[in-house]
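Each chain, written out:
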Amino acid sequence: MIIHILPDADRLGALAARHIEVALLGVADPVLGVATGSSPEPVYEALTARATAGTFRVERLRAFALDEYVGLPEDHPERYRNVLLRAFADPLGVPADRVAVPGGAGADPSAAAAEYERAIQRAGGIDLQLLGIGRNGHIGFNEPGSDFRSATRVVELAPSTRAANARFFADIDEVPRHSISQGLGTIMRARAAVLIASGAEKAAAVAEALTGPVSTELPASVLQRHPRLSVYLDGDAAGLLDLSFLGSISVVHDWR
Ligand code: F6R
């Protein structure tokens, strides 16, 4: 694991975008796992700049979302398919049909989840998965207690997750109660993973995930077992990391 600590979210976005570009350079048909929420926004902005400059090539890129709300109408602006088209695919010039998102609006979300897992396998697996982290340590929508071997499935959102995501909706009652999420097993099968976090409200989850015990109570802690994990944090999100006890973890302060 390599942890990069940056002064702010913009610098974090710039370096994480460079990491993604370099990691996918030699891959003929790259498959990128994409996250939603606030954390990836600076990464997608920086990736867009790199695509515009011609260094990040998107012609053969395919993307798979981490998760999707269950039950939001197809035209709802907060449906993750729509969020990803707006924040990621359209700015980068990735055609919509090359962005896969679980089918949360259909009649049978469990069947859609199983089909999504198969679609990832048919694509040859995910080359690099971009991840944010919830304040309760979730990745994707794998809430505390999720099985480390879990596949894509329907999950119930924790009350704290619905409260955190209420900022995207007019009212907390509008936040869906369920989502389809890649499982922890699915995420761990990605050939590389990049975890990003900014802000002091993530500091406790980040410290627990990276240096605490590996436990299903803190789902992101499973990432300690990922063979190719890179972490990009701003100073606030890194605030509770005890850098003197990180053992074999490399820490890079990118303050330039
Ligand atoms: C989003 C996702 C979630 C978020 C997490 C952090 O697709 O899977 O795990 O990454 O809830 O959200 P933000 O970045 O909004 O703080």
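Residues numbered from 1 in each chain as written. Predicted model: local features only at pLDDT ≥ 70, side-chain atom pairs only at ≥ 80, totals over all residues. Heavy atoms only, no water.

1. Points about the overall build of the chain
- Looking only at helices and strands, the chain has seven helices and eleven strands in total.
- For 256 residues, the compact-globule formula gives about 18 Å, and the C-alpha radius of gyration of the chain, at 17 Å, lands near that figure.
- Reported as C-alpha extents along the three principal axes, the dimensions of the chain are approximately 50 × 40 × 35 Å.
- Across the 256 residues in the chain, those meeting the buried criterion constitute 54%.
- Intrachain contacts of the chain at a sequence separation of at least 6 include 79% that bridge at least 24 residues.
- Accessible surface computed for the chain: about 11,000 Å², of which carbon and sulfur atoms make up 52%. (Helix = DSSP H or I, 4+ residues; strand = E, 2+ residues; numbered from the N terminus. Rg over C-alpha atoms; globule rule 2.2 N^0.38 Å. Buried < 20%, exposed > 50% of the residue type's maximum accessible area, 1.4 Å probe, protein only. Contact = heavy atoms within 4.5 Å. Areas by Shrake-Rupley, 256 points an atom, 1.4 Å probe, with all protein chains shown as cover.)

2. Digging into the pattern of salt bridges
- The full count for this structure, using the stated rule, is nine salt bridges.
- Across the pair Arg50 and Glu21 runs a salt bridge, and its minimum N-O distance is 2.5 Å. Placement of the pair is Arg50 in helix α2 (residues 41-53) and Glu21 in helix α1 (residues 9-24), with a sequence separation of 29 residues.
- Classification of Arg50 as partly exposed rests on a relative accessible area of 23%.
- What makes Glu21 buried here is its relative accessible area of 9%.
- Of the charged contacts in the structure, one is a salt bridge between Arg79 and Glu68, with a shortest N-O distance of 3.9 Å. Of this pair, Arg79 sits in the loop between β4 (67-69) and α3 (80-92) while Glu68 sits in strand β4, and the two are eleven residues apart along the sequence.
- Judged by relative accessible area, which is 10%, Arg79 ranks as buried. (Salt bridge = Lys/Arg side-chain N within 4 Å of Asp/Glu carboxyl O.)

3. Observations regarding the packing of aromatic side chains
- By the definition in use, this model includes six aromatic pairs.
- On the basis of an interplanar angle of 40 degrees and a centroid distance of 4.6 Å, the ring pair of Tyr69 and Tyr80 is categorised as tilted. In this pair, Tyr69 is assigned in strand β4 and Tyr80 in helix α3, connecting sequence segments eleven residues apart. Both residues of the pair, Tyr69 and Tyr80, belong to the buried class.
- By the ring-pair criterion, three or more aromatic residues cluster together here, those being Tyr69, Tyr80, Phe141 and Phe169. (Phe/Tyr/Trp six-rings, centres within 6.5 Å; stacked < 30°, edge-to-face > 60°.)

4. Observations regarding a negative patch on the surface
- A cluster of acidic side chains, namely Asp8, Asp10, Glu41 and Glu45, defines a negative patch on the protein surface.
- Tracing the backbone shows Asp10 in helix α1. (Patch = residues over 30% accessible without salt bridge, like charges linked within 9 Å, V, L, I, M, F, W, Y side chains within 5 Å. Lys, Arg positive; Asp, Glu negative; His and termini not counted. Charge placed at Lys NZ, Arg CZ, Asp CG, Glu CD.)

5. Description of the packing of α2 against α3
- Running from N to C, α2 and α3 cross one another at 15 degrees; their axes reach a closest spacing of 8 Å. The angle between α2 and α3 places the two elements in the roughly parallel class. The handedness of the crossing between α2 and α3 comes out as left-handed. Contact residues: Tyr44, Leu47, Thr48 and Ala51 in α2; Leu84, Ala87, Phe88, Pro91 and Leu92 in α3.
- Looking at the contact of α2 with α3, its residues break down into eight nonpolar, one polar and no charged. (Axes fitted to C-alpha atoms, helices over the stretch in contact; angles between N-to-C directions. Parallel < 35°, antiparallel > 145°, perpendicular 65-115°, else oblique. Left-handed = near helix turned anticlockwise from the far one by under 90°. Nonpolar A, V, L, I, M, F, W, Y, C, P; charged D, E, K, R; others polar.)

6. Comments concerning the site of the ligand
- Residues in contact with the ligand amount to 14 residues; listed here are only the nearest, Thr36, Ser39, Asp67, His138 and Lys202.
- Contact distances for the ligand include 2.8 Å between an oxygen atom and a backbone N or O atom of Ser38.
- Interatomic distance of 2.7 Å between a backbone N/O atom of Gly140 and an oxygen atom of the ligand.
- Protein chains shield 93% of the accessible area of the ligand, which is 410 Å² for the free molecule. (Near = heavy atom within 4 Å. Polar contact = N/O pair within 3.5 Å; in protein donor to acceptor, adjacent residues only side chain to side chain.)

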